[in-house]
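Structural description and commentary
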Amino acid sequence: MLSVVICGAVPSMVRSVRLYSQCSHMYVNVFPNGTIMARSDGNDQPNLTISTRGVSLELLIHSPVQDMFLCFNRSRLVGRRLTRYQAERQPNCLFKEEFVDGYNRYHLVKNEDRYIGFNRRGVQLRRGKSRLSERLHKCFSFMKEAHDFDINRHNIMRAGDLPKWRPQRRLRPPPQNSIKPPCHGVRHHHGRHQRRRNCDGT
(Lines give C-alpha, C1' and ligand atoms only; values in the text may rest on other atoms or scores of the structure.)
Protein backbone atom coordinates (compact mmCIF):
# COMPACT_ATOMS: atom_id res chain seq x y z
CA MET A 1 0.00 0.00 0.00
CA LEU A 2 1.34 3.41 -1.01
CA SER A 3 0.86 6.26 1.44
CA VAL A 4 1.38 9.91 0.54
CA VAL A 5 2.40 12.50 3.11
CA ILE A 6 1.85 16.19 2.31
CA CYS A 7 4.30 18.48 4.05
CA GLY A 8 3.88 22.18 4.59
CA ALA A 9 0.81 24.37 4.41
CA VAL A 10 -2.04 23.41 2.11
CA PRO A 11 -3.09 26.34 -0.13
CA SER A 12 -6.68 27.49 0.26
CA MET A 13 -9.15 28.00 -2.57
CA VAL A 14 -10.27 31.62 -2.98
CA ARG A 15 -13.37 32.70 -4.93
CA SER A 16 -14.32 36.29 -5.70
CA VAL A 17 -18.13 36.59 -5.63
CA ARG A 18 -21.11 38.77 -4.78
CA LEU A 19 -23.89 37.45 -2.52
CA TYR A 20 -27.41 38.22 -3.77
CA SER A 21 -30.11 37.91 -1.08
CA GLN A 22 -33.24 36.00 -2.08
CA CYS A 23 -35.39 38.08 0.31
CA SER A 24 -34.15 41.65 -0.21
CA HIS A 25 -33.20 41.10 -3.88
CA MET A 26 -30.06 43.13 -3.19
CA TYR A 27 -26.38 42.42 -2.62
CA VAL A 28 -24.58 42.05 0.70
CA ASN A 29 -22.65 45.21 1.50
CA VAL A 30 -19.98 45.82 4.16
CA PHE A 31 -19.77 49.41 5.40
CA PRO A 32 -16.63 51.11 6.80
CA ASN A 33 -17.97 50.97 10.38
CA GLY A 34 -18.44 47.19 10.16
CA THR A 35 -22.21 47.25 9.58
CA ILE A 36 -23.41 44.57 7.16
CA MET A 37 -26.66 44.88 5.21
CA ALA A 38 -28.15 43.63 1.94
CA ARG A 39 -29.06 46.95 0.37
CA SER A 40 -26.67 47.35 -2.55
CA ASP A 41 -27.86 47.14 -6.15
CA GLY A 42 -24.51 45.65 -7.10
CA ASN A 43 -23.10 48.58 -9.06
CA ASP A 44 -21.40 50.09 -6.02
CA GLN A 45 -20.56 46.83 -4.23
CA PRO A 46 -17.15 45.25 -4.88
CA ASN A 47 -16.75 41.53 -4.64
CA LEU A 48 -16.36 39.52 -1.47
CA THR A 49 -13.83 36.72 -1.27
CA ILE A 50 -14.75 33.29 0.07
CA SER A 51 -11.78 31.10 0.92
CA THR A 52 -11.40 27.67 2.44
CA ARG A 53 -9.36 26.98 5.54
CA GLY A 54 -6.76 24.45 4.39
CA VAL A 55 -8.26 21.11 3.31
CA SER A 56 -11.34 21.52 5.52
CA LEU A 57 -14.70 22.78 4.31
CA GLU A 58 -14.64 25.71 6.73
CA LEU A 59 -14.97 29.08 5.02
CA LEU A 60 -13.78 32.62 5.65
CA ILE A 61 -15.72 35.51 4.07
CA HIS A 62 -13.68 38.67 3.53
CA SER A 63 -14.36 42.18 2.20
CA PRO A 64 -11.19 43.29 0.36
CA VAL A 65 -12.29 46.94 0.11
CA GLN A 66 -12.97 47.33 3.84
CA ASP A 67 -10.30 44.74 4.74
CA MET A 68 -12.75 43.05 7.12
CA PHE A 69 -13.76 39.47 7.80
CA LEU A 70 -17.45 38.67 8.33
CA CYS A 71 -17.92 37.39 11.90
CA PHE A 72 -20.79 36.97 14.35
CA ASN A 73 -20.75 38.71 17.70
CA ARG A 74 -23.31 37.93 20.41
CA SER A 75 -26.20 39.52 18.50
CA ARG A 76 -25.42 40.03 14.82
CA LEU A 77 -23.05 39.70 11.87
CA VAL A 78 -20.33 42.38 11.72
CA GLY A 79 -17.16 43.19 9.82
CA ARG A 80 -13.97 42.85 11.85
CA ARG A 81 -10.47 43.99 10.94
CA LEU A 82 -8.43 40.87 11.57
CA THR A 83 -5.48 39.22 9.92
CA ARG A 84 -6.22 35.92 8.22
CA TYR A 85 -4.24 34.14 10.94
CA GLN A 86 -6.49 35.72 13.59
CA ALA A 87 -9.72 35.04 11.67
CA GLU A 88 -8.87 31.35 11.24
CA ARG A 89 -8.71 31.05 15.03
CA GLN A 90 -12.01 32.82 15.70
CA PRO A 91 -14.89 30.28 15.82
CA ASN A 92 -17.39 33.09 15.13
CA CYS A 93 -15.69 33.80 11.77
CA LEU A 94 -15.74 30.25 10.36
CA PHE A 95 -18.70 29.18 8.21
CA LYS A 96 -20.08 26.12 6.50
CA GLU A 97 -21.79 26.29 3.11
CA GLU A 98 -25.04 24.50 2.27
CA PHE A 99 -26.91 24.11 -1.03
CA VAL A 100 -30.71 24.32 -0.75
CA ASP A 101 -33.03 24.50 -3.79
CA GLY A 102 -30.27 25.90 -5.97
CA TYR A 103 -29.20 28.58 -3.47
CA ASN A 104 -26.27 28.90 -1.05
CA ARG A 105 -26.61 29.21 2.72
CA TYR A 106 -23.94 29.96 5.32
CA HIS A 107 -24.00 29.05 9.01
CA LEU A 108 -21.39 29.05 11.76
CA VAL A 109 -19.30 25.91 12.09
CA LYS A 110 -19.76 25.86 15.85
CA ASN A 111 -23.50 26.68 15.75
CA GLU A 112 -25.60 25.18 12.94
CA ASP A 113 -28.58 27.32 13.98
CA ARG A 114 -26.76 30.62 13.34
CA TYR A 115 -27.16 31.59 9.67
CA ILE A 116 -26.34 34.69 7.66
CA GLY A 117 -29.70 36.13 6.59
CA PHE A 118 -31.49 39.37 5.69
CA ASN A 119 -35.16 40.37 5.53
CA ARG A 120 -36.92 42.17 2.68
CA ARG A 121 -35.52 45.54 3.78
CA GLY A 122 -31.96 44.19 3.81
CA VAL A 123 -31.75 44.17 7.62
CA GLN A 124 -30.14 41.19 9.34
CA LEU A 125 -32.15 38.34 10.82
CA ARG A 126 -30.84 38.08 14.38
CA ARG A 127 -32.77 35.00 15.46
CA GLY A 128 -31.60 31.47 14.90
CA LYS A 129 -33.12 29.36 12.15
CA SER A 130 -35.07 27.20 14.61
CA ARG A 131 -36.80 30.30 16.04
CA LEU A 132 -38.10 31.54 12.67
CA SER A 133 -41.12 30.37 10.70
CA GLU A 134 -40.61 28.12 7.69
CA ARG A 135 -41.58 30.87 5.23
CA LEU A 136 -38.64 33.01 6.43
CA HIS A 137 -36.05 30.30 5.86
CA LYS A 138 -35.63 31.48 2.28
CA CYS A 139 -34.11 34.68 3.73
CA PHE A 140 -31.01 32.61 4.56
CA SER A 141 -30.54 31.85 0.86
CA PHE A 142 -28.14 33.63 -1.48
CA MET A 143 -27.17 33.46 -5.10
CA LYS A 144 -23.40 33.40 -5.45
CA GLU A 145 -22.48 35.43 -8.52
CA ALA A 146 -19.42 36.46 -10.45
CA HIS A 147 -18.83 40.21 -10.79
CA ASP A 148 -20.01 40.34 -14.43
CA PHE A 149 -23.22 38.39 -13.74
CA ASP A 150 -26.40 40.15 -14.93
CA ILE A 151 -29.19 39.39 -12.43
CA ASN A 152 -31.89 41.02 -14.59
CA ARG A 153 -31.07 38.81 -17.55
CA HIS A 154 -30.98 35.78 -15.25
CA ASN A 155 -34.47 36.56 -13.91
CA ILE A 156 -35.86 37.04 -17.42
CA MET A 157 -34.41 33.71 -18.53
CA ARG A 158 -35.89 31.91 -15.52
CA ALA A 159 -39.27 33.48 -16.20
CA GLY A 160 -39.09 32.33 -19.82
CA ASP A 161 -39.67 35.81 -21.23
CA LEU A 162 -36.75 35.86 -23.62
CA PRO A 163 -37.80 35.52 -27.27
CA LYS A 164 -37.03 32.06 -28.50
CA TRP A 165 -34.67 31.67 -31.40
CA ARG A 166 -36.30 30.58 -34.62
CA PRO A 167 -34.38 29.38 -37.66
CA GLN A 168 -34.66 31.68 -40.63
CA ARG A 169 -36.75 30.44 -43.51
CA ARG A 170 -34.62 29.45 -46.47
CA LEU A 171 -35.45 31.30 -49.66
CA ARG A 172 -36.17 29.17 -52.71
CA PRO A 173 -33.87 29.86 -55.67
CA PRO A 174 -35.54 31.52 -58.67
CA PRO A 175 -36.44 29.38 -61.72
CA GLN A 176 -33.57 28.78 -64.09
CA ASN A 177 -35.28 30.52 -67.03
CA SER A 178 -35.77 33.69 -65.00
CA ILE A 179 -32.03 34.28 -64.65
CA LYS A 180 -30.97 36.84 -67.26
CA PRO A 181 -27.42 37.15 -68.56
CA PRO A 182 -25.56 40.31 -67.59
CA CYS A 183 -25.95 43.39 -69.75
CA HIS A 184 -22.94 44.69 -71.67
CA GLY A 185 -22.40 47.60 -73.95
CA VAL A 186 -19.98 48.07 -76.84
CA ARG A 187 -16.58 46.48 -76.34
CA HIS A 188 -13.38 47.21 -78.29
CA HIS A 189 -10.91 44.35 -78.62
CA HIS A 190 -7.57 44.57 -80.51
CA GLY A 191 -8.81 47.40 -82.65
CA ARG A 192 -11.86 45.45 -83.79
CA HIS A 193 -15.30 46.73 -83.07
CA GLN A 194 -17.38 44.03 -81.36
CA ARG A 195 -20.94 44.45 -80.26
CA ARG A 196 -22.13 42.25 -77.42
CA ARG A 197 -25.56 41.63 -76.04
CA ASN A 198 -26.97 44.80 -74.52
CA CYS A 199 -29.67 45.30 -71.91
CA ASP A 200 -32.45 45.20 -74.55
CA GLY A 201 -31.50 41.68 -75.57
CA THR A 202 -30.30 42.75 -79.06
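From a predicted model like this one, the values you see are computed outputs, not experimental measurements. (Residues numbered from 1 in each chain as written. Predicted model: local features only at pLDDT ≥ 70, side-chain atom pairs only at ≥ 80, totals over all residues. Heavy atoms only, no water.)

Considering the overall build of the chain
- Regarding its fold elements, the chain presents 2 helices and 12 strands.
- N-terminal to C-terminal, the α/β element order of the chain is β-β-β-β-β-β-β-α-β-β-β-α-β-β.
- Buried residues in the chain amount to 35% of all 202 residues.
- Contacts in the chain between residues far apart in sequence, at least 24 positions, make up 49% of those at least 6 positions apart.
- For the chain, the computed accessible surface area is about 14,400 Å², with 51% contributed by carbon and sulfur atoms. (Helix = DSSP H or I, 4+ residues; strand = E, 2+ residues; numbered from the N terminus. Buried < 20%, exposed > 50% of the residue type's maximum accessible area, 1.4 Å probe, protein only. Contact = heavy atoms within 4.5 Å. Areas by Shrake-Rupley, 256 points an atom, 1.4 Å probe, with all protein chains shown as cover.)

A look at the confidence of the model for the chain
- The predicted model of the chain averages 78 in pLDDT, with 64% of residues at 70 or higher.
- Scored below 50 in pLDDT, residues 1-11 makes 2 contacts in the model with residues more than four places away or belonging to other chains. (pLDDT = per-residue confidence, 0-100.)

Focus on the side chain of R114
- Mapped onto the fold, R114 is located in the loop between strand 9 (103-108) and strand 10 (142-145).
- Among the polar contacts listed, one links the side chain of R114 to the backbone oxygen of N73, at a separation of 3.3 Å.
- Look past the residues within four positions of R114 in its chain and what remains in contact with it is F72, N73, R74, S75, R76, Y106, H107 and L108. (Polar contact = N/O pair within 3.5 Å; in protein donor to acceptor, adjacent residues only side chain to side chain.)

Observations regarding the packing of aromatic side chains
- Applying the stated rule across the entire model yields 5 aromatic pairs.
- Arranged with centres 5.2 Å apart and planes meeting at 40°, the rings of Y115 and F140 form a pair that is tilted. Taken together, the positions of Y115 in the loop between strand 9 and strand 10 and F140 in the loop between strand 9 and strand 10 put the pair 25 residues apart, joining distant regions of the chain. With respect to burial, Y115 and F140 carry one shared label: buried.
- Ring centres of F118 and F142 lie 6.0 Å apart, and the angle between their planes is 80°; on these two criteria the pair is classed as edge-to-face. One end of the pair, F118, is in the loop between strand 9 and strand 10; the other, F142, is in strand 10, with 24 residues separating them in the sequence.
- Here a set of aromatic residues connected by ring pairs shows up, and it is made of Y106, F118 and F142.
- Over the aromatic face of Y27 sits the side chain of R18, whose NZ or CZ is 4.5 Å from the ring centroid. (Phe/Tyr/Trp six-rings, centres within 6.5 Å; stacked < 30°, edge-to-face > 60°. Lys NZ or Arg CZ within 6 Å of the ring centre and 35° of its normal.)

Some words on the environment of R105
- Here R105 lies in strand 9.
- R105 sits in the buried class, given a relative accessible area of 9%.
- Residues R105 and C139, 34 residues apart in the sequence, show an inter-C-alpha distance of 9.3 Å.
- Dropping the residues within four chain positions of it, R105 is found in contact with K96, E97, E98, V100, Y115, K129, H137, K138, F140 and S141.
- Engagement of the side chain of R105 in a polar contact is seen with the backbone oxygen of H137, the distance being 3.2 Å.
- At 2.9 Å, the side chain of R105 and the side chain of S141 are in polar contact.

A look at the state of the cysteines
- All chains considered together, the criterion is met by 2 disulfides.
- Sulfur-sulfur distance for the disulfide between C71 and C93 comes to 1.9 Å. Taking the torsion about the S-S bond as the criterion, the C71 to C93 disulfide, at about 105°, is right-handed. On the criterion of sequence distance, the pair formed by C71 in strand 6 (residues 68-72) and C93 in the loop between helix 1 (84-88) and strand 8 (95-100) is long-range, its members being 22 residues apart.
- Judged by relative accessible area, which is 1%, C93 ranks as buried. (Disulfide = S-S within 2.5 Å.)

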